[in-house]
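One letter stands for each residue in the lines below.
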Amino acid sequence: MMKISTLSAVTALAAVLVVGASTAASALGPAADQQVDGVIVVSGNTCSWTNARTSANPPSALTVDRTSINSPGGNLACSGGITAALNNNPAFTFDDANGTAKTDAIDISGKQSFVSCRFKATNIVWKRDGSTRKYVNQAFTATKVSGSFLCPGSVTTGAGEASMLFH
């Protein structure tokens, strides 16, 4: 049976998948390779990936290519017996003056054992870490889109439980 904490990890992973890009040549660093690494730790479960592709470099608006995160093209991996997949190509906008990024929506499916759940979160806000291109999530709630009756109706990801590093 999938525990709510595990579902929180899956939902929080969705937030991480949202912010994908690399640094632009600017005051924030050298030219970038339009890739992003992500990690999230929730209730002892860790999900991460490296080198996901994006359509542009921040601060330009961009989308994240879900095929570069999901298997077989990507290397998304989770602990705790969770498998997860991103169902959309999230769109991001950046506000460098305020040090924030915003994701339009993330739609993610997760499975543990025989229990499958799908959650969607919208308008997720990320805060830049200093003058780097590392972004940390602000708290958000993802709503159940489909799945087993064992899945909760929604799950909340606390502030700071996910981060993205653009490179």
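What this report covers is the structure whose coordinates are included nearby.

Cut-offs and rules
- Residues numbered from 1 in each chain as written.
- Predicted model: local features only at pLDDT ≥ 70, side-chain atom pairs only at ≥ 80, totals over all residues.
- Heavy atoms only, no water.
- Helix = DSSP H or I, 4+ residues; strand = E, 2+ residues; numbered from the N terminus.
- Buried < 20%, exposed > 50% of the residue type's maximum accessible area, 1.4 Å probe, protein only.
- Contact = heavy atoms within 4.5 Å.
- Areas by Shrake-Rupley, 256 points an atom, 1.4 Å probe, with all protein chains shown as cover.
- Salt bridge = Lys/Arg side-chain N within 4 Å of Asp/Glu carboxyl O.
- Phe/Tyr/Trp six-rings, centres within 6.5 Å; stacked < 30°, edge-to-face > 60°.
- Disulfide = S-S within 2.5 Å.

## Some words on the overall build of the protein chain
- Of regular secondary structure, the protein chain possesses 1 helix and 12 strands.
- Listing the helices and strands of the protein chain from first to last along the sequence gives α-β-β-β-β-β-β-β-β-β-β-β-β.
- Considering the protein chain as a whole, with its 167 residues, one finds that 47% of them fall into the buried category.
- Across the protein chain, contacts joining residues at least 24 apart in sequence account for 60% of those joining residues at least 6 apart.
- Of the accessible surface of the protein chain, which amounts to about 7000 Å², a share of 52% is contributed by carbon and sulfur atoms.

## Some details on the pattern of salt bridges
- By the definition in use, this model includes 4 salt bridges.
- For the salt bridge of Asp96 with Arg128, the shortest nitrogen-to-oxygen distance reads 2.9 Å. With Asp96 in the loop between β6 (91-95) and β7 (100-112) and Arg128 in strand β8 (residues 115-128), this residue pair connects regions lying 32 residues apart in the sequence.
- For Asp96, a relative accessible area of 25% translates into the label partly exposed.
- The buried category is assigned to Arg128, whose relative accessible area is 16%.

## Observations regarding the environment of Glu161
- On the secondary structure map, Glu161 appears in the loop between β11 (154-157) and β12 (162-166).
- As a C-alpha pair, Glu161 and Asn137 span 24 residues in sequence and 6.8 Å in three-dimensional space.

## Considerations on the packing of aromatic side chains
- In the structure shown here, the tally under the stated rule is 3 aromatic pairs.
- Arranged with centres 5.8 Å apart and planes meeting at 80 degrees, the rings of Phe94 and Phe166 form a pair that is edge-to-face. With Phe94 in strand β6 and Phe166 in strand β12, this pair connects stretches of sequence that are 72 residues apart. Like Phe94, the residue Phe166 is buried in the burial classification.
- Here the aromatic cluster, defined as three or more aromatic residues joined through ring pairs, consists of Phe94, Tyr135 and Phe166.

## Here's the deal with the state of the cysteines
- A complete count under the given rule lists 2 disulfides for this structure.
- Here Cys47 connects covalently by a disulfide to Cys78, the sulfurs 2.2 Å from one another. Its S-S torsion of approximately 120 degrees makes the covalent link between Cys47 and Cys78 right-handed. Remark: Cys78 occurs in strand β4 (residues 77-78) and Cys47 occurs in strand β2 (residues 45-53); sequence separation between them is 31 residues. Each of the two residues, Cys47 as well as Cys78, counts as buried.
- Paired through a disulfide, Cys117 and Cys151 show a sulfur-sulfur distance of 1.8 Å. Across the disulfide from Cys117 to Cys151, rotation about the S-S bond amounts to roughly -85 degrees, and the bridge is consequently left-handed. With Cys117 in strand β8 and Cys151 in the loop between β10 (140-147) and β11, the pair connects residues that are 34 residues apart, well separated along the chain. There is no split in this pair, since Cys117 and Cys151 are both buried.
- Regarding the disulfides, the protein chain carries the connectivity 1-2, 3-4 under sequence-order numbering of its bonded cysteines.

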